[in-house]
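Descriptive analysis of the structure
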Amino acid sequence: MDFSFSEEQQAAVEAAKAVFAGVAPDSVPSPALTGGAVADDFDRALWARLADADLLGLLLDARHGGAGLDAVALCLVLREAAKVLARVPLLESTAAAVAVQAHGGEEVRDELLGRAGRGELVLTVAAHGRTGHDGAELAVTAGREGDAWVLDGMQTAVPWAQSADFVLVPALSTGPGRAVLALVPRGHPGVRLADQVSTTGEALGELHLESARIPDRYVLDTDGAWEELRDLLTTGTCALALGLGERVLAMTSEYTGKREQFGFPVATFQAVAVQSADRYIDLRAMEATLWQAAWRISTGAGGALPASGDVAVAKIWASEGVRRVVQTAQHLHGGFGADTEYALHRYHAWAKHLELALGPAAAHEEYLGDLLAAHPLG
């Protein structure tokens, strides 16, 4: 397997590093000290800089002002975003735009994609479902009535819901009995948002749909569209976990290299070195499985299992790995790791969110077991 990146992908990384260079992980109040959300909106100034750097349209076609790159390029950029805890809906908006580009009609593509790539319009995805344990498409029903679809149900933990112009909602069609994707405009009749807060301190939305009539052009009624979107979101979440974990291990190495006990840096103690080495191995496994999954969904390459199997493996490693990395970091930092004036506790909170987002390791292990049962190897 060749893990080298193309010139275009490397250029995207360099552009991302330049944009994120000035971002401070502690630029908003600490979630440990805030009763509600740490801010009312995402980082609009950073969003504008991402748009200026052409990073919001990475996966869009040139006709929509995009760069025409793939999921690998997006994951490279997300990896850099997580290192500074960038408070922007980069993954959700990009993934939703890709779904519209692949499965939307000409009218809706022309209406939304150019503006999304320029940062003028923000998209997000309701991928959590009602409880976070069952498929998100099971939480909402969609029935066709004339030139519209009527949606009923509820989606919880919708990221950036209060700030997004459209929420892309998976729903189970009452007709063919498969998932469709509905673009639900903010403030649409029959749509209500209730406030929720993530462990990160960021605002989430509980989306209630009560006989909401969505025009036909805003519904992506293509078989497999939701599964493709879910795989891209999950893979992007793995990229965020990898970037966060790499930054946390770097913080830990820097701290243990300076902190002394008995006249020696604690990094020289065998117990500390072994724990750090184990976490480095976790990160390398997270990286290898991430690129395997991103490559499969980018190229459509075949394999012994469907691409969703590689995505599940990547999420298992990302969920378990990022949890172990932040736990070890807290342990090796001692009490300093819980200091709210030091950024590590923020990374710990974000890691917990990423661990559970789009399913914890156990859920993906169960799915992988079902895949293996359905696709005997050898």
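Residues numbered from 1 in each chain as written. Predicted model: local features only at pLDDT ≥ 70, side-chain atom pairs only at ≥ 80, totals over all residues. Heavy atoms only, no water.

A few points about the overall build of the protein
If you tally the helices and strands in the protein, you get ten helices and ten strands. Against the 2.2 N^0.38 benchmark of 21 Å for 378 residues, the protein shows a C-alpha radius of gyration of 21 Å, consistent with a compact globule. Each principal axis of the C-alpha distribution contributes one length, and for the protein these read about 80 × 55 × 40 Å. A total of 378 residues make up the protein; the buried ones form 53% of that total. For the protein, restricting intrachain contacts to residue pairs at least 6 apart in sequence, the fraction spanning at least 24 positions comes to 75%. Carbon and sulfur atoms make up 53% of the accessible area of the protein, which amounts to about 16,000 Å² in all. Each charge class in the protein was averaged separately, 29 positive and 49 negative side chains, and the resulting centres sit 3 Å apart. (Helix = DSSP H or I, 4+ residues; strand = E, 2+ residues; numbered from the N terminus. Rg over C-alpha atoms; globule rule 2.2 N^0.38 Å. Buried < 20%, exposed > 50% of the residue type's maximum accessible area, 1.4 Å probe, protein only. Contact = heavy atoms within 4.5 Å. Areas by Shrake-Rupley, 256 points an atom, 1.4 Å probe, with all protein chains shown as cover. Lys, Arg positive; Asp, Glu negative; His and termini not counted. Charge placed at Lys NZ, Arg CZ, Asp CG, Glu CD.)

What about unusual backbone geometry?
Generally, phi is negative for residues other than glycine and the peptide bonds are trans, each holding for most cases. If you check the backbone angles, aspartate 54 has positive phi at about 60° while not being a glycine. Residue classification places aspartate 54 among the exposed residues on the basis of a relative accessible area of 55%. For alanine 157, which is not glycine, the phi torsion reads 55° and is therefore positive. Considering the arrangement of structural elements, one finds alanine 157 in strand E3 (residues 148-159).

Notes on the side chain of glutamine 330
Along the chain, glutamine 330 turns up in helix H8 (residues 307-333). For glutamine 330, a relative accessible area of 19% corresponds to the buried category. If near-sequence neighbours (up to four positions away) are discounted, glutamine 330 is found in contact with Gly337, Ala338, Leu344, His345 and His348.

Re helix H5 (residues 106-117)
The first and last C-alpha atoms of H5 sit 16 Å apart over twelve residues, in line with the 16 Å expected at 1.5 Å per residue. Of the residues making up H5, those classed as buried are Val108, Arg109, Leu112, Leu113, Gly114, Ala116 and Gly117. Looking at the buried side of H5, the elements it contacts are helix H4 (90-103), strand E4 (166-173) and strand E5 (179-185). Downstream of H5 by a residue or two, glycine 119 has a phi angle that is positive, lying close to 80°. (Expected span 1.5 Å × (residues − 1).)

Considering the environment of alanine 127
On the secondary structure map, alanine 127 appears in the loop between strand E1 (123-125) and strand E2 (140-145). The sequence separation of alanine 127 and proline 170 amounts to 43 residues, and the corresponding C-alpha distance is 7.3 Å. Beyond its immediate stretch of four places on either side in the chain, alanine 127 contacts Ala136, Trp226, Leu233 and Leu358.

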